[in-house]
Amino acid sequence: MKLRKILTLALSAVMATGLLTSVSFGQTGTGQQWDVSKSKTATQLDKDFISDVTLSLPAAEEQLVSDVVLVLDKSTSAALEEQALAMLRELKGQVEETNAKVKVGVVIFNKEAHVTDFKDLATEYDAIEAAVKQDISSGTNTHAGLLAGKEMLDNDTDVDDSRKYLIFVSDGITYMYDSEPTATAWSFMADAVNDWAGPDNWASKYGSNEAPDNWAAWLEETGAQVEAQGTEYEYPYDDYEELKAAGSLNATPVDSSADYANSVDKALWLTYQTYQQCAESYNCYAMTAGSSSGEQYLWGPSFMEYLSGGEDVSFDSIKNDIYYLLDAGSKVIDEMGCGTDNAGNSYDFDFVDETPVLTVGGIQIEGVESTAADGATSSYVFGDKGDGEPRFMLDYYRDGYTEETGGETYGECFVLTVNEPVSQFSPVQLTYSVKLMDPSTEPGTYGQYDADGSEGLSGLYTNNQAVLLPVATGGAVGEAELFPMPTVSYTVEKTGGTQPGDTGDADTDADNGSKGSGTKTGDDFNMLAFVGAALAAAAAAGATVLIRRRKTD
């Protein structure tokens, strides 16, 4: 594609945004798909056939509000509580420097969950600290704690799921389940036949307090037992003595106790199921709390390690996940658009090779042209990290580019390299311009306008693809992710050739001395022309199979 310098870049005046959000980097492995929050928008073509395109990390219109729910075992040590509070204090200091908001909910569980509803971290820290430090005792019901934490996140529909965090801290020792503490009357032989619920049920069934060799196999077997027996042998935990005295406690057969799930079994199985349900929607972390009970009942801490995927989870790493979207080393590769329009004509967009506009948290970072990188047509740097290295760097490749790590080849494109962590609360936005080369002069409407790519239209694409190569806090590298694909359009009227200044109204054009209307773009039309263009676009859409082109990694 032939390169032309056209106009000085300006920030987009109108921005409608599509969101791509999901799970953050918490407890994921290298090479996994993270679905980082991101957006891409394009303004309608102006009279010079130029569109301003904006890339945003995170997505431009995403609300900068996050939910953090702490689900803490009553046995959580004072040291771990202080680590959690230290994390919140650091987040508080970071967030106060932005327009963002972090809400914190606290669930302390013993045999039931004790909930402190969401508090604003910036203004209600003292109440959050008091909730974390509250002292309760009697029983352990991990399932109830997770149910309460999940309910808090589920009910806050104003916050995007990708900005919701659940931190589960426990030694894993549990023997009750459900929001109202429930147990299973499981019979076992000691000095006599017994059927009470407690952590010793594990050794009574399995012969020791060691953890199973394979938690996945154990969960599958236990799940089958749980489903087979249903609720037949269950009772409200606090009613045990009364039911026992009345002779109305229905217990499992003692001679086949190994065939039934006991209270510990079901509590762990339900805890696992609920945690996985949370993790499907939210960022979840399982942290093992050291305790004297954990040293005795080894299956408890082992279960928590299984929930965490064997990862060493710390409050410091969780804080980074909450605050940072991406780490230094992340890249965006954006390939200029070309293809065939709805009339069968080839179209081609060129990058306007002038310094783009880059902002962080709404503050523009000065960009200057620098010596072109190897193979690049031109290069631009933005800001200074203080060590002589730029905060961001953009290299433009008119003749194409091959990515070093994966060997993927791109046509005319630029590569934006991020040399600093990107905050969830201070969006990084890059705005640049593209120009449609050699637009058609034949009457008709070409393309359809979709500012944020949310409608999946088939063109005109300002860019063939924009690819994020993400790096997470700690250096884990994720799979390539695609930005949305906005589209633009223009209309050529039937008379007078290409005259971008025409209004599209014959009487008005005659008064202005114009022979007729010409090409109509987003800057220059009246309502009648707009309706006509919309009807033409609709007709074209009805006759064409719309295919959203996406690169498959």
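Residues numbered from 1 in each chain as written. Predicted model: local features only at pLDDT ≥ 70, side-chain atom pairs only at ≥ 80, totals over all residues. Heavy atoms only, no water.

Caption draft 1: Region of the structure containing the nonpolar core. Membership of the largest hydrophobic core comes to 41 residues, with the highest contact counts inside it found for F414 and Y432. Counting residues per element, this core draws most heavily on strand β25 (residues 428–437), which supplies 5 residues. Setting aside residues up to four positions removed in sequence, F414 forms contacts with L55, V332, I333, D334, M336, F351, L394, D395, Y396, L430 and Y432. One finds V69, W202, L219 and F303 within the second-largest nonpolar core, a separate group that totals 37 residues. (Core = buried A, V, L, I, M, F, W, Y, C linked by side-chain atoms within 4.5 Å. Buried < 20%, exposed > 50% of the residue type's maximum accessible area, 1.4 Å probe, protein only. Helix = DSSP H or I, 4+ residues; strand = E, 2+ residues; numbered from the N terminus. Contact = heavy atoms within 4.5 Å.)

Caption draft 2: Structural detail: helix α2 (residues 125–132). For α2, every residue scored as buried is listed here: Y125, I128, A131 and V132. One side of α2 holds all its buried residues, which, seen down the axis, span an arc of 120°. Elements in contact with the buried residues of α2: β3 (65–73), α1 (78–95), β4 (101–109) and β5 (113–120). (Arc of directions from axis to C-beta.)

Caption draft 3: Representation of the side chain of D171. Looking at where D171 falls in the secondary structure, it is placed in the loop between β6 (164–170) and β7 (182–184). Among buried charged residues, D171 stands out as having no salt bridge; its nearest opposite-charge side chain is K74, 7.0 Å away. A polar side-chain atom of D171 sits 3.0 Å from the main-chain amide nitrogen of I173. At 2.8 Å, the side chain of D171 forms a polar contact with the side chain of S291. When residues no more than four places from it in sequence are discounted, the contact partners of D171 are D73, S75, A289, S291, S293, G294, G300, P301 and M304. (Lys, Arg positive; Asp, Glu negative; His and termini not counted. Salt bridge = Lys/Arg side-chain N within 4 Å of Asp/Glu carboxyl O. Polar contact = N/O pair within 3.5 Å; in protein donor to acceptor, adjacent residues only side chain to side chain.)

Caption draft 4: How the structure looks around unusual backbone geometry. Note that the residue after L57, namely P58, is joined by a cis bond; omega there is -5°. Cis rather than trans, the peptide bond between G459 and L460 has omega equal to 5°. Take L460: it is sitting in the loop between β26 (444–450) and β27 (463–469). Backbone geometry at D178 places phi at a positive 70°, although glycine is not the residue there. Relative to the helices and strands, D178 is located in the loop between β6 and β7. With a phi close to 50°, D438 is a non-glycine residue in the positive phi region. Inspection of the secondary structure puts D438 in the loop between β25 and β26.

Caption draft 5: Spatial organisation of empty space enclosed by the protein. Within this structure, the stated rule accounts for 3 cavities of 30 Å³ or more. Here the second largest cavity is characterised by a volume of approximately 60 Å³. In terms of lining, the second largest cavity is formed by L55, S56, L57, V332, L416, V418, V428, Q429, L430 and F483. Of all the secondary-structure elements, those providing two or more residues to the lining of the second largest cavity are β2 (50–57), β23 (413–418) and β25. Split by residue class, the lining of the second largest cavity holds 8 nonpolar, 2 polar and no charged. (1 Å grid on protein atoms, 1.4 Å probe; cavity = no way out; pocket = protein on both sides within 12 Å on 5 of 7 lines; lining within 4 Å. Points joined across faces, edges and corners; volume = space filled by probe spheres on them. Nonpolar A, V, L, I, M, F, W, Y, C, P; charged D, E, K, R; others polar.)

Caption draft 6: Expanded view of the confidence of the model for the protein. On average, the protein scores 85 in pLDDT, and the residues at 70 or more come to 83%. The low-confidence segment residues 497–517, where pLDDT is below 50, has 38 contacts with residues more than four positions distant or belonging to other chains. Taken together, the stretch residues 523–553 has pLDDT below 50 and engages in 43 contacts with residues farther than four places along the chain or on a different chain. (pLDDT = per-residue confidence, 0-100.)

Caption draft 7: Structural view of the packing of α1 against α2. Here α1 crosses α2 at 165°, and the two axes come no closer than 10 Å. Between α1 and α2, the interaxial angle falls into the category roughly antiparallel. Regarding α1 and α2, the two cross each other, and that crossing is right-handed. For the pair α1 and α2, contact is made by E81, L85, L88, R89 and K92 and by Y125, I128, E129 and V132, respectively. Along the lines of polarity and charge, the residues of the contact of α1 with α2 split into 5 nonpolar, no polar and 4 charged. (Axes fitted to C-alpha atoms, helices over the stretch in contact; angles between N-to-C directions. Parallel < 35°, antiparallel > 145°, perpendicular 65-115°, else oblique. Left-handed = near helix turned anticlockwise from the far one by under 90°.)

Caption draft 8: The sheet that holds strand β20 (residues 392–397), seen in detail. Reading across from one edge, β18-β19-β20-β23-β13-β27-β28 is the order of the 7 strands in this open sheet, with antiparallel pairing throughout. The sheet is open, and its two borders are formed by β18 (367–370) and β28 (481–482), each paired with just one other strand. Note that strand β13 (residues 331–336) and β27 share 6 bridges and pair antiparallel. Bridge pairing in β27 places I333 opposite V467. (Pairing = 2+ DSSP bridges.)

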